[in-house]
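Here is how the chains run, residue by residue.
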Protein chains: 2
Amino acid sequence: MEGHEKLEKARERIIETIAQNIHLYGLVPSAGRQYGMMFFQNEPLTLDDMTEKLGMSKTSMSTSVRALSDLKLVERAWKKGVRKDLYKVSDDWYQSFIDLFSIKWRRSVTLHLVAIKKSLAELEELSKDPTVNEELQEEIKIDIEKLKYIRNYYDWLERLVDVFEDQKIFDLVPIMNDSQD
Amino acid sequence: MEGHEKLEKARERIIETIAQNIHLYGLVPSAGRQYGMMFFQNEPLTLDDMTEKLGMSKTSMSTSVRALSDLKLVERAWKKGVRKDLYKVSDDWYQSFIDLFSIKWRRSVTLHLVAIKKSLAELEELSKDPTVNEELQEEIKIDIEKLKYIRNYYDWLERLVDVFEDQKIFDLVPIMNDSQD
DNA sequence: TAGTTTGTACAGTTTTTACTGTATAAACTA
DNA sequence: TAGTTTATACAGTAAAAACTGTACAAACTA
């Protein structure tokens, strides 16, 4: 096998692994392949470059590069004299992981807390209603306890997201370079 | 609106929120709805119970309860005299979150590290090959650096998973109950 | 301003995934 | 052992998602 082929194969292995694991970011394999391909390019790419490299339509490249950008896995780049939009992979992977939490998980936490607070308020109101029978009253009480439990859980999750966002996580789990060279 | 209706509506809101966010666990909304429904039941359920409550086929219930069990969101339960399999939601949501990392993210980290080490070894071998031209040699060198960077990243991610798994995360982000009562 | 180039909205198609119904194996019962 | 009950494998169908090609608006160029 020739040198260039060997390099290509070593890259392909990584790209395919990324493609098969990108679902953890809520993305489909082809977006992962796109990301992986871009990772090994030393220059920012245009949508047309991607179309050529991946053999997919420009429309697809456009939509998936947007999905990658939304998660801040990919960012816009500029190069003198190039009119087309240019994209490159964000080079801080630790930050990308943190961004996943800031974007996806925080959103989820917020949605949950809104719903929980609303339902909790309704049930607490209902528990004061003298017209509801005892059996139902008991059910309401149980549900209130359950909602308080999950409210505490999402509060915790929110604080966890904070800890990522403000980089405190690196105190507990420090970045260590070249541990096994 | 009658009492029981109000209770049901308060529950529905939570269930639907879970359904819409369960994709973070790699599950589809219907599995989230199933989980949410089970959360508000105070007794373990059989597959037939779920079929009835959700109006879906028993086959579906079987496959999605398995998916939920694989992520340890749901566990088997036993009740005297009941022959059918019984399931209940795991009641420690903090542990469920940790299990997500232990199961999905650790698997991903491992796959990545295997691929990276393999490719890195190949490229380091190739970089010693005197028959490859200088230009290619330069590319190889760049790729080796990139792979070392992401190896460090996945090492970090592995340590992060460890920190969840051995509960040390609770030192940094403690569980706090009823913070806003 | 007219003529290009570029990115994306949108409709249609292909592919994939979710879901159902039937068939069957395994476990239980009498 | 024969007869049930229960869970799931599997094949087929329905629904959803990914992907493509065309059309067009916005931005640029001359």
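Reading guide: rules and limits
Residues numbered from 1 in each chain as written. Chains lettered and ligands numbered in written order. Predicted model: local features only at pLDDT ≥ 70, side-chain atom pairs only at ≥ 80, totals over all residues. Heavy atoms only, no water. Near = heavy atom within 4 Å. Helix = DSSP H or I, 4+ residues; strand = E, 2+ residues; numbered from the N terminus. Nonpolar A, V, L, I, M, F, W, Y, C, P; charged D, E, K, R; others polar. Buried < 20%, exposed > 50% of the residue type's maximum accessible area, 1.4 Å probe, protein only. Core = buried A, V, L, I, M, F, W, Y, C linked by side-chain atoms within 4.5 Å. Contact = heavy atoms within 4.5 Å. Least-squares fit on C-alpha atoms with pLDDT ≥ 70 in both. Domains from an automatic or database assignment. Buried area = accessible area lost by both parts, 1.4 Å probe. Salt bridge = Lys/Arg side-chain N within 4 Å of Asp/Glu carboxyl O. Polar contact = N/O pair within 3.5 Å; in protein donor to acceptor, adjacent residues only side chain to side chain.

The next subject is the protein's contact with DNA strand C. Lining the immediate surroundings of DNA strand C are 15 residues, of which Ser62(A), Asp85(A), Val28(B), Ser60(B) and Arg83(B) lie closest. Considering DNA strand C, the proportion of its atoms within 4 Å of the protein that are sugar or phosphate atoms stands at 75%. Taken together, the elements giving at least two residues each to the surface near DNA strand C come down to helix H4 (58-70) of chain A together with helix H4 (58-70) of chain B. Per-element tally for the surface near DNA strand C: the top contributor is H4(A), with 4 residues. Per-class residue counts for the surface near DNA strand C are 3 nonpolar, 6 polar and 6 charged.

Once that is clear, we can look at unusual backbone geometry. Residues and elements named next belong to chain A. Although it is not a glycine, Lys72 adopts a positive phi angle of roughly 60°. Here Lys72 shows up in the loop between H4 and strand E1 (74-77). Here Lys72 falls in the partly exposed class, since its relative accessible area comes to 46%.

On to the nonpolar core. Tyr25(A), Phe97(A), Trp156(A), Tyr25(B), Phe97(B) and Trp156(B) are the most contacted members of the largest nonpolar core, which has 114 residues in total. Discounting chain neighbours no more than four positions away, the residues touching Phe97(B) are Phe101(A), Trp105(A), Tyr153(A), Trp156(A), Leu157(A), Leu160(A), Tyr25(B) and Phe164(B).

A rotation about an axis combined with a shift along that same axis relates the two copies of the chain. Once turned by 180° and shifted 0.0 Å along the axis, chain B lies on chain A with an RMSD of 0.0 Å. When the rotation and shift are considered jointly, the pair of chain copies conforms to a two-fold rotation axis. Both copies present the same face, since 100% of the interface residues in chain B are matched by interface residues at the equivalent positions in chain A.

This brings us to the domain arrangement of chain A. Residue and element names in this part refer to chain A. Taken domain by domain, chain A holds domain 1 (3-90) and domain 2 (94-172). For domain 1 and domain 2, the distance between their C-alpha centres works out to 36 Å. The interface is formed by 8 residues belonging to domain 1 together with 6 residues belonging to domain 2. A combined buried area of about 580 Å² lies between domain 1 and domain 2, and 61% of that area is made up of carbon and sulfur atoms. Ranking the residues of domain 1 by area buried against domain 2 places Tyr25, Leu71 and Lys72 at the top, with a combined share of 74%. Taken together, domain 1 and domain 2 are joined by 0 salt bridges. One can count 0 residue pairs in polar contact (both at pLDDT 80 or more) joining domain 1 with domain 2. Residues belonging to the side of domain 1 that touches domain 2 are distributed by class as follows: 4 nonpolar, 2 polar and 2 charged.

Contact with chain B, which involves 72 residues of that partner, is made by 72 residues of chain A. At the boundary of chain B with chain A, total buried surface from both sides reaches about 6,800 Å², with 64% on carbon and sulfur atoms. For the interface between chain B and chain A, the tally reads 6 salt bridges. A salt bridge links Asp143(A) to Arg11(B), with the nearest nitrogen and oxygen atoms 2.6 Å apart.

In this section: the environment of Asp155(A). Assignment of secondary structure puts Asp155(A) in helix H6 (residues 134-165). Placed 46 residues apart in sequence, Asp155(A) and Val109(A) show a C-alpha to C-alpha distance of 8.0 Å.

As a structural note, the neighbourhood of DNA strand D is formed by 15 residues, with Val28(A), Ser60(A), Arg83(A), Ser62(B) and Asp85(B) the closest of them. Each atom of DNA strand D within 4 Å of the protein was classed as base or backbone; sugar and phosphate made up 75%. A distance of 2.9 Å is found between a phosphate oxygen of DNA strand D and a side-chain nitrogen or oxygen belonging to Ser30(A). The separation between a phosphate oxygen of DNA strand D and a polar side-chain atom of Ser62(B) is 2.7 Å. Secondary-structure elements contributing two or more residues to the surface near DNA strand D are H4 of chain A together with H4 of chain B.

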